[in-house]
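# Per-entry structural report
Chain by chain, the residues:
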Amino acid sequence: MTPPPHIPLNRPRLIAPGPVEVSPATLLALAQPQMHHRSPEGRAKFLETRGKLSRLLGDAFEAVIVTGSGTAAFEGALVSSVPAGAKVVNASAGKFSERWGEMAARLGYDVTSVQKPWGELLDAGEVAEACKDAFALTITHSETSTGALHDLQAIAAAARAVNPDLLIIVDAVTSYGVAELRAADWNVDIIVSGSQKATATPPGLGFVLFSPQAEARLIKDTPKGFYLDLERELRGQKQANTPQTPAINLVHALDASLDRLLSVPLEVLWAEKKRQNDALIAAGEALGCRSWASRPSPAVAVLVPPEGLGGLQVAAQLASMNQRALPGQAPHEDTVFRISTLGYADRYDALSVAGILEDAFTALGAKFERGAAVAAAWQVISS
Ligand SMILES: *Cc1c(COP(=O)(O)O)cnc(C)c1O
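Residues numbered from 1 in each chain as written. Predicted model: local features only at pLDDT ≥ 70, side-chain atom pairs only at ≥ 80, totals over all residues. Heavy atoms only, no water.

Naming follows an unreviewed UniProt entry, where the protein chain appears as Alanine--glyoxylate aminotransferase family protein of Deinococcus rubellus. Check the Sequence similarities (unreviewed entry) section of the UniProt entry for the protein chain; it says "Belongs to the class-V pyridoxal-phosphate-dependent aminotransferase family." (UniProt positions renumbered as here; feature names shortened; annotations may be inferred.)

### A short note on the overall build of the protein chain
Check the secondary structure of the protein chain and you find 13 helices and 15 strands. Radius of gyration (C-alpha) of the protein chain: 21 Å, near the 21 Å computed for a compact globule of 383 residues. On the principal axes, the C-alpha backbone points of the protein chain span a range of 65 × 55 × 35 Å. Within the protein chain, the fraction of its 383 residues that count as buried is 57%. Contacts in the protein chain between residues at least 24 apart in sequence constitute 70% of all its contacts with a sequence separation of at least 6. Carbon together with sulfur atoms contributes 55% to the accessible area of the protein chain, which is approximately 15,500 Å² in total. One finds the centroid of the 34 positive side-chain charges in the protein chain at a distance of 4 Å from the centroid of its 40 negative side-chain charges. (Helix = DSSP H or I, 4+ residues; strand = E, 2+ residues; numbered from the N terminus. Rg over C-alpha atoms; globule rule 2.2 N^0.38 Å. Buried < 20%, exposed > 50% of the residue type's maximum accessible area, 1.4 Å probe, protein only. Contact = heavy atoms within 4.5 Å. Areas by Shrake-Rupley, 256 points an atom, 1.4 Å probe, with all protein chains shown as cover. Lys, Arg positive; Asp, Glu negative; His and termini not counted. Charge placed at Lys NZ, Arg CZ, Asp CG, Glu CD.)

### Here's the deal with the layout of surface pockets
For the largest pocket, the calculated volume is near 520 Å³. For the largest pocket, the lining is made up of 20 residues, of which Pro3, His6, Met321, Ile356 and Asp359 are closest to its centre. When residues of the lining of the largest pocket are traced back to their parent elements, those giving at least two are helix H11 (311–320) and helix H12 (347–363). The biggest single contributor to the lining of the largest pocket is H12, with six residues. Of the residues belonging to the lining of the largest pocket, the class tally is nine nonpolar, eight polar and three charged. (1 Å grid on protein atoms, 1.4 Å probe; cavity = no way out; pocket = protein on both sides within 12 Å on 5 of 7 lines; lining within 4 Å. Points joined across faces, edges and corners; volume = space filled by probe spheres on them. Nonpolar A, V, L, I, M, F, W, Y, C, P; charged D, E, K, R; others polar.)

### Description of the nonpolar core
Leu137, Ile139, Tyr176 and Ile191 are the most contacted members of the largest nonpolar core, which totals 46 residues. Looking at this core, the element that brings in the most residues is helix H9 (residues 248–261), giving six residues. Counting contributing residues per domain, this core is built from domain 1 (13–19 + 266–381) and domain 2 (32–261), each supplying no fewer than three. Apart from the residues within four sequence positions on either side, Ile139 is in contact with Ala91, Leu122, Leu152, Ile155, Ile168, Ile169, Val170 and Asp171. (Core = buried A, V, L, I, M, F, W, Y, C linked by side-chain atoms within 4.5 Å. Domains from an automatic or database assignment.)

### Considerations on the site of the ligand
What surrounds the ligand is a group of 14 residues, the closest being Ser69, Thr71, Thr144, Asp171 and Lys197. The contact in question runs from an oxygen atom of the ligand to an N or O atom on the side chain of Thr71, over 2.5 Å. At 2.7 Å from a nitrogen atom of the ligand is found a side-chain nitrogen or oxygen belonging to Asp171. Surface burial for the ligand is 89%, taken as the share of its 380 Å² of free accessible area covered by protein chains. (Near = heavy atom within 4 Å. Polar contact = N/O pair within 3.5 Å; in protein donor to acceptor, adjacent residues only side chain to side chain.)

### What about the domain arrangement of the protein chain?
The assigned domain composition of the protein chain is domain 1 (13–19 + 266–381) and domain 2 (32–261). Computed from C-alpha atoms alone, the centre-to-centre distance between domain 1 and domain 2 is 28 Å. Facing 27 residues of domain 1, the contacting portion of domain 2 comprises 32 residues. Between domain 1 and domain 2 lies a buried interface of about 2,500 Å² when both sides are counted; carbon and sulfur atoms form 63% of it. Taken as a group, Trp270, Arg295 and Gln329 account for 28% of the area that domain 1 buries against domain 2, more than any other trio of residues on that side. Applying the counting rule to domain 1 against domain 2 returns two salt bridges. For the pair domain 1 and domain 2, the interface holds eight residue pairs in polar contact (both at pLDDT 80 or more). Looking at the side of domain 1 that touches domain 2, the element that brings in the most residues is helix H10 (residues 266–286), giving five residues. (Buried area = accessible area lost by both parts, 1.4 Å probe. Salt bridge = Lys/Arg side-chain N within 4 Å of Asp/Glu carboxyl O.)

### Considering the packing of aromatic side chains
Using the criterion set out here, one finds three aromatic pairs in the structure. With centroids separated by 3.9 Å and ring planes inclined at 15 degrees, the aromatic side chains of Phe74 and Trp100 adopt a geometry described as stacked. One end of the pair, Phe74, is in helix H3 (residues 70–81); the other, Trp100, is in helix H4 (residues 95–106), and 26 residues separate them in sequence. Take Phe74 and Trp100: they sit in the same class, and that class is buried. (Phe/Tyr/Trp six-rings, centres within 6.5 Å; stacked < 30°, edge-to-face > 60°.)

### With respect to helix H13 (residues 372–381)
Of all the positions in H13, only Ala373, Ala376, Ala377 and Ile381 are classed as buried. The arc that holds every buried residue of H13, seen down its axis, measures 130 degrees, which confines them to one face. Where the residues of H13 are buried, they touch H10 and H12. (Arc of directions from axis to C-beta.)

See below:
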């Protein structure tokens, strides 16, 4: 049955795990007259935003704002805290964690990879075993390529038990501001994220948050970085005196986004984001899909389509409906499709995505009872 004609949005709706939809308040912050980053107003805004980044973690970590995407922030974290040639254990189970292993190897570190196949969960015991004589552990909390939320708390505890001095560097790019993340309690040292994920700001900023212990261990004048020397950055940023010109307009935009996220207690934010994503998974299940990961990240629903359909096909169908979702990442492009309400979206957006999925799956010839996905999503968000 062909649906009746309608008036579509004149732009794609972003239902991918980054870049995400951006709020009007954040977009308007970008439309303000240019401010100078060395002016009193510019410096005040910079300090205020740094403080909000720490508050969004809920722990007393010091934030550095990097002009560059999350990958730049991660590179800065590595070169500023891990000395040349040191042993780095990389826990890997998907695209982003593989990236950190590759990065560490290129930077000349002695890398040991502890791997699980994509879609599976890292094993705390295995990771800890490899960390005995390591300087640092790099680990991805929410693996956006597979939808797995790895048990960071258990893994950090196991690794710390065999190596108290281990420096734990966390890719929290899609868990910061979304998933329960208690960095101090869980004893992790460095948290990395980026602007176009939960903080629902245009791409271009990365964040690195340091525990007091990690801050004390930062390398002075690292030979492996100049622009990404975060020891120097942190010293400067504490005084709102950045060594380079920051993307101050994006910082203003970020500040507006952080206000929205911080308008509720972190526990409320985490629970609501999980509820929204669980609603997406429930909608997918009503259409015959299943979550690829057994411990799903609240940032993204990574769904294996039912027999006969591929992830590329589902993503292409959604794109033809002006809905920007994503297929899997190479080499698993066709295994899954990925949908998300990670950014500026509320629970009713999750309901709307459920409806969109119904229309997409109908167009693809899937058999299901109309209304089932919307009802399943509603069941989750209303309970
Ligand atoms: C998006 C993302 C990154 C970083 O990507 P950039 O494109 O460099 O911002 C890193 N890790 C995860 C888990 C991500 O989702």
